[in-house]
Amino acid sequence: MRYAIISDIHSNLEALNAVLSFLDLNPVDKIISCGDIVGYGPDPKQCINRLRLLNNFTSVMGNHDAAILDKIDISNFNNDAKDAIKLNKNMLSKEDFDYLSSLQIKISENNILFLHGSPRDPINEYLFLTEKFNQVMPLFTEKFCFVGHTHQPIIFEQDNKGNGNFYRAMEIMELDDDKRYIINVGSVGQPRDNNPQACIAFFDSKYLTLSFKRLSYDIEKTQEKMAKFNFPEKLIHRLSFGI
Ligand code: ZN
């Protein structure tokens with residue numbers, strides 16, 4: 001099965017369009033999103049509408065999707081994130097809320113687990129620290145786990161003795177059948193790895209090849225819409241730099 005795995009679209013229609021145009025030319029069997037379709041950006045409704053029309057697309061639920069639905073407490077969100085949640089909420093219809101409510105917390109298939117944050121807390125936990133990666137490896141049984149949430153692509157590999165290794169997302173990499181992995185697929189709509197381009201990961205579950213592709217999109221157009229709807233300045237600014 002050839003997968004395209006994306007995450008953290010965050011209501012960024014231009015970035016999503018760039019990804020979907022690329023996937024039109026380079027089709028896969030399935031597109032899976034690791035959550036956060038909404039939040040931060042100006043086009044939650046348009047993004048949901050585009051995704052809903054795809055026949056090979058599924059997404060899990062992210063913390064911003066859950067926040068829009070009042071499913072989680074957002075007191076620990078920063079003020080910019082809270083403001084964007086409020087703005088996004090006002091742009092959505094009942095149908096859109098129903099779509100977000102239908103998202104699963106985790107998807108498991110073909111020895112692959114897909115979720116937003118971490119196997120310990122799929123909605124909220126961030127995997128940044130090495131010790132956290134080590135702690136959560138025994139908490140799932142699949143060989144591969146794809147996540148998002150940090151907006152920073154990275155590959156964590158663990159051998160059967162428990163030794164871990166990190167790899168930077170690269171153009172192409174062959175995964176080892178004897179090892180287990182957590183793969184962060186970065187972000188489509190708000191990358192934070194000093195590269196403002198939208199990120200997609202490709203995984204072939206038969207040949208175990210993993211590759212990453214970065215795509216430029218019309219950032220200014222997204223920023224103009226954000227300014228028009230009074231989104232926080234910092235959220236507008238960061239898109240230019242991928243920070
Ligand atoms: Zn996110």
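**What to know about the coordination of the zinc ion**
In this structure, Asp8 (OD), His10 (NE2), Asp36 (OD) and His151 (NE2) serve as the protein donors to the zinc ion, at separations of 2.0 to 2.5 Å. Within one chain, the residues serving as donors to the zinc ion are arranged as D-x1-H-x25-D-x114-H. Taken as a pair, Asp8 in the loop between strand S1 (2-6) and helix H1 (13-25) and Asp36 in the loop between strand S2 (30-33) and helix H2 (44-52) lie far apart in primary sequence, 28 residues in all. Here Asp8 matches Asp36 in class, with each residue buried.

**Some thoughts on the nonpolar core**
Within the largest apolar cluster, 47 residues are counted, with the highest numbers of intra-cluster contacts made by Ile6, Val19, Ile31, Ile37, Tyr99, Leu100 and Ile200. No other element matches the 8 residues that H1 contributes to this core. Residue contacts for Ile6: discarding those within four places in its chain leaves Val19, Ile31, Ile32, Ser33, Cys34, Phe57, Val185, Val188, Cys199 and Ile200.

**A short note on the environment of Gly117**
With respect to the helices and strands, Gly117 occurs in the loop between strand S5 (112-114) and helix H6 (130-136). Taking the C-alpha atoms as reference points, Gly117 and Gly35, separated by 82 residues in sequence, lie 8.9 Å from one another. Not counting residues up to four positions away in its chain, the partners in contact with Gly117 are Pro122, Glu125, Leu127, Val147 and His149.

**Details of the sheet that holds S5**
Read from one edge of the open sheet, 6 strands run S4-S5-S6-S10-S7-S8, paired in mixed fashion. A single partner strand is all that each edge strand has here, and the edge strands are strand S4 (107-109) and strand S8 (164-168). The average undirected angle you get between the axes of adjacent strands in this sheet is 15°. Sheet topology note: the S5/strand S6 (residues 144-147) ladder contains 3 bridges and is parallel. Looking at S6, one finds that Phe114 is bridged to Phe146.

**Concerning helix H5 (residues 94-101)**
Of all the residues in H5, the buried ones are Asp96, Tyr99 and Leu100. Across the axial projection of H5, the buried residues extend over an arc of 95°, all falling on one side. For H5, the exposed residues lying more than 90 degrees away from the buried face are Lys94 and Glu95. On the buried face of H5, the contacting elements are H2, strand S3 (57-59) and helix H3 (63-68).

Calculation notes
Residues numbered from 1 in each chain as written. Predicted model: local features only at pLDDT ≥ 70, side-chain atom pairs only at ≥ 80, totals over all residues. Heavy atoms only, no water. Donors = N, O, S within 2.8 Å, 3.2 Å for Na, K, Ca; no water. Helix = DSSP H or I, 4+ residues; strand = E, 2+ residues; numbered from the N terminus. Buried < 20%, exposed > 50% of the residue type's maximum accessible area, 1.4 Å probe, protein only. Core = buried A, V, L, I, M, F, W, Y, C linked by side-chain atoms within 4.5 Å. Contact = heavy atoms within 4.5 Å. Pairing = 2+ DSSP bridges. Axes fitted to C-alpha atoms, helices over the stretch in contact; angles between N-to-C directions. Arc of directions from axis to C-beta.

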